[in-house]
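Chain residues, written in single-letter form:
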Amino acid sequence: MSATNRNPDAVSVIQELYATHGQREYSGEAVTSLAHGLQCARLAETNQAPPALIVAALLHDIGQLIDPDAWDETGNRLMRDLGHEETGARFLSRWFGPEVTEPVRLHVAAKRYLTAVNPDYRAGLSEDSERTLRLQGGPFTEKEADDFLALPYAKDAVALRLWDDAGKIKDAETPDFEYYRPVIYFVYSDVTKR
Ligand code: FE
């Protein structure tokens, strides 16, 4: 898709998705999907992440919002939503480059990586995250871990993953989605200039 064919109002489309679906419970945790994304973006920001990684952190679970099959009628996440990282990355690729889409696509693999190389990390996983880890294939083997780390943006995905795990605090104070519009727009326009 050429840059000129990209939807000029990516930010509004994305914001609308979070406004419509963001109040769902995030993956068996005490926060909504929107609150979770905002907490992750905040953590990215406070860790001086570059703008693209802040956007990736904010939107890393967007695949759970755009896949209607990922939710049951009461709004709870279904077990079969196991490809949300791919769905989300594909969705975002119409507007953003790999600096955004790759950390999103790799954030589940990053968990499999981290559980392989760091037992303390695994011990700290939430119950739901441990449950989905098993469904996601479990910790990587040593070879898989090495292969993962050699991928472009693997380190960004690992950073994102750690914010992902930390961004599940009930009632944590964060800026609202509106606050992140300029950075989403900035990263989006950066791509359209290429
Ligand atoms: Fe997440």
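Reading the values: rules and limits
Residues numbered from 1 in each chain as written. Predicted model: local features only at pLDDT ≥ 70, side-chain atom pairs only at ≥ 80, totals over all residues. Heavy atoms only, no water. Helix = DSSP H or I, 4+ residues; strand = E, 2+ residues; numbered from the N terminus. Buried < 20%, exposed > 50% of the residue type's maximum accessible area, 1.4 Å probe, protein only. Salt bridge = Lys/Arg side-chain N within 4 Å of Asp/Glu carboxyl O. Phe/Tyr/Trp six-rings, centres within 6.5 Å; stacked < 30°, edge-to-face > 60°. Polar contact = N/O pair within 3.5 Å; in protein donor to acceptor, adjacent residues only side chain to side chain. Contact = heavy atoms within 4.5 Å.

For Tyr153, which is not a glycine, the phi torsion comes out positive at approximately 70 degrees. Take Tyr153: it is sitting in the loop between α10 (142–149) and α11 (154–166). Here Tyr153 falls in the partly exposed class, since its relative accessible area comes to 28%. In this model, Asp171 sits at a positive phi of 60 degrees, which is unusual for a non-glycine residue. On the secondary structure map, Asp171 appears in the loop between α11 and α12 (177–192).

Counted under the stated rule, the structure contains 10 salt bridges. One salt bridge in this structure joins Asp171 and Lys170, with 3.8 Å as the shortest N-O distance. Salt bridges sharing partners connect three or more residues here, namely Glu86, Glu102 and Arg105.

It is worth spelling out the packing of aromatic side chains at this point. Applying the stated criterion to the full structure yields 7 aromatic pairs. Their ring planes at 85 degrees and their centres at 4.8 Å tell us that Tyr179 and Tyr180 sit as a pair that is edge-to-face. On the accessibility criterion, Tyr179 (41% relative accessible area) is partly exposed. Counting every residue linked through ring pairs, the aromatic cluster contains Phe96, Tyr185 and Tyr188.

The next thing to look at is the side chain of His36. Within the element layout of this structure, His36 appears in helix α2 (residues 33–46). Taking relative accessible area as the criterion, His36 reaches 0% and is therefore assigned buried. Here the side chain of His36 touches Asp61 through a polar contact of 3.3 Å, side chain to side chain. Not counting residues within four places of it along the chain, the set of residues in contact with His36 comprises Tyr26, Val31, His60, Asp61, Asp164, Gly167 and Lys168.

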